Each structure stands twice: as structure tokens, then as C-alpha cells.
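Below are the chains, spelled out letter by letter.
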Amino acid sequence: MRKLAIGVALSGALALTGLAAPLAQAATPDLVFSGVTVNKGKAVVVGTTAAVKVPVTYTLTRPSDLVIDYKTTFAGIMLYRGGLSDFDNELDSDMSPTCTTTATTDTTVTESCSDTITVDPGDSLYETADATTWNVGGMYGHYDVDLDDSDDKISSSMDFAAWGNKGKVKIQRAAKLTANASPEPVKKGKTITVTGKLTRADWERGTYTGYVSQPAKLQFRAKSSSSYTTVKTVTTGKSGALTTTVKAAQDGYFRYVFAGTSTTGSATAAGDFIDVK
């Protein structure tokens, strides 16, 4: 599991002292996270190499006397898989959110905040189990490290709190799809074979592997048309291979379309032109 951003900061500070003793716990402030939206309500689709920037917006209500400086005191949104007290995996922002005060009372401040969580498949996703619905939570952390030993004393303390049940978000494996129609040119009425392959991101191996037993729609667009129509549905075989035959009728483009699953994003192959004589 990747460390929380606040944990990274704390670990760096403790490394200076070589301290390994349990940290003292301080009282946590009463924070309220509400109206959390992750990736504009859409699934997060991740390939094998490129990091995906996931926008997050939320409302934070905090005590008016609490200063969150993102140096020693932090608050923000996290995505986690598993239980709140025992993450299987966790993602949070490495940057400070942008917050604007929207309301104040004698005791509280309410802010509208936006942030970005970066999902890097090489750093954040480790196994196929990460392709699932993640939980959304709010988190708070504060640490103090006193390295001044002039009085023959050093100290450290940390406070961490997390609030769960703030929403859900799917993280999916990206898919790729190809299509090839042959032979060409082909005489009208003759048989055309349309092949293709459906693959999806394998985060453990860092590559794309075949996705078997999945339905893909074979679609055709006439050369003179701007829209595709579905011809038939084909199921992927070994290594995600697709193959089917149709009769040549007119010039146009063939493609495969995969709707996606709960763990894998959708994919559409580029149209392959067939010249019918």
C-alpha cells in the first residue's frame, strides 16, 4: 500500500532522528466532508504506463480556529479499497487542494475545494483486484517533530483521522480493440473476413493481454454515410481474438465495438476501409 501523503511527510521528518517508537496521539478536530465528486462521477480508466489525473471536488467544514497549512497539517480526499481501518490499497493527492471560503459561523468555516488525485499504474495499482469499485473518504493529519536537542530532549507526535462512506468510484482497466477487413479489393457478393483483437491492461505485468469470452459488436459504415450500424455480435476467443465473415455489398468501413465491463473500460476499433468492386 502506498503511504498517505501525510505519512510520507512524517516519515521524512522521523528519518532525521532515527526514531522508531510509537507516535503520541493528539485530539483530532471535527471535520465534515460533503458533496464529494470524483472524476465528475465517471469511472477512472487506467492503462499500463500513462498516469491519469483524477479531478476531485468537495465541501469541507472545519473549526474556525484550525489552520490547515499543508506543511504540518493536512486535510483532503482519499480513495481506498478494503476497510477504512485496514486498506488493501489507497490513493490520495500529492498536492494541496484549492479551497475557497463559502460560509463562516462563530465556530466553523466552510470551504469549497478542488483537488487532483494522480493514478499512476506503475506506482499505484498492483493487481487485478484493484480493478473494482473503490471507497471515497476524507482524511486529516497533523505532525509535530522537535529536533532541537539543546535541552537534551527531542520529540515527535502525529494525529491521523479518516472519515469513510463519502462516495464510490470505479477504477477500470483500459481496453484496446483492433479491426481488419480482408481481402481487398473484393468483388461484390464475395465473402469478407473481419478479424480483430480485444486486449486490456494488465497492471501486474505492465502490458496488455487478451480479454476472452467477451461480446464485441461488428459495425459497418457505408462510404457515403456518417454513421455506423451493427451487423452482428462476435465473442472473443483465445488471446482476445475476433473473427467473423460477411458478404461484400458496398464500399465502407468495418469496426468492432466493446461496451466494457465492471472492471474494464469500453473500446472502439478504428474503422477499416473495404473496397468493393
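Refer to the preceding data block for the structure.
Residues numbered from 1 in each chain as written. Predicted model: local features only at pLDDT ≥ 70, side-chain atom pairs only at ≥ 80, totals over all residues. Heavy atoms only, no water.

Visitor: What exactly am I supposed to notice about the packing of aromatic side chains here?
Guide: All chains considered together, the criterion is met by eight aromatic pairs. Ring geometry for F33 against Y58: centres 6.1 Å apart, planes inclined by 40°, an arrangement best described as tilted. Taken together, the residues span a long stretch of sequence, with F33 in strand 1 (residues 32-38) and Y58 in strand 3 (residues 52-63) at a distance of 25 residues. Both residues of the pair, F33 and Y58, belong to the buried class. Through a chain of ring-to-ring contacts, three or more aromatic side chains come together here, namely F33, Y58 and W163. Sitting above the plane of the Y211 ring, R200 keeps its charged end 3.7 Å from the centroid. Lying over the aromatic face of Y228, R255 brings its terminal NZ or CZ to 3.7 Å of the ring centre. (Phe/Tyr/Trp six-rings, centres within 6.5 Å; stacked < 30°, edge-to-face > 60°. Helix = DSSP H or I, 4+ residues; strand = E, 2+ residues; numbered from the N terminus. Buried < 20%, exposed > 50% of the residue type's maximum accessible area, 1.4 Å probe, protein only. Lys NZ or Arg CZ within 6 Å of the ring centre and 35° of its normal.)

Visitor: Just checking my understanding: could you explain the pairing of strand 6 (residues 98-104) for this structure?
Guide: The side chains of a regular strand alternate, first on one face of the sheet and then on the other. One ladder, built from six bridges, connects strand 6 with strand 7 (residues 108-119); its direction is antiparallel. Residue pairing for strand 7: T101 is matched across the bridge by E111. Taken together, strand 6 and the strand that follows it, strand 7, pair antiparallel across an intervening segment of three residues. (Pairing = 2+ DSSP bridges.)

Visitor: Can you walk me through the pairing of strand 5 (residues 86-92) in this structure?
Guide: Within strand 5, five of the seven residues are buried, which leaves it mostly tucked inside the rest of the structure. By the bridge criterion, six bridges tie strand 4 (residues 73-83) to strand 5 in an arrangement that is antiparallel. When the sheet's bridge partners are listed, Y80 is paired in strand 5 with E90. Linking strand 4 to strand 5, which pair antiparallel, is a turn of two residues.

Visitor: What should I look at first to understand the pattern of salt bridges in this one?
Guide: Note on pairing: side chains with opposite charge can pair once their charged atoms come close. Inspection of every chain in the model, using the stated rule, returns six salt bridges. As a salt-bridge pair, R62 and E111 come within 3.5 Å of each other at their nearest N and O atoms. A residue pair is termed long-range when its members are at least 10 positions apart, and R62 in strand 3 and E111 in strand 7 qualify at 49 residues. Several salt bridges share partner residues, and in doing so they unite R81, D88, E127 and D130 into one network. (Salt bridge = Lys/Arg side-chain N within 4 Å of Asp/Glu carboxyl O.)

All we've got here are geometric facts, nothing functional implied.
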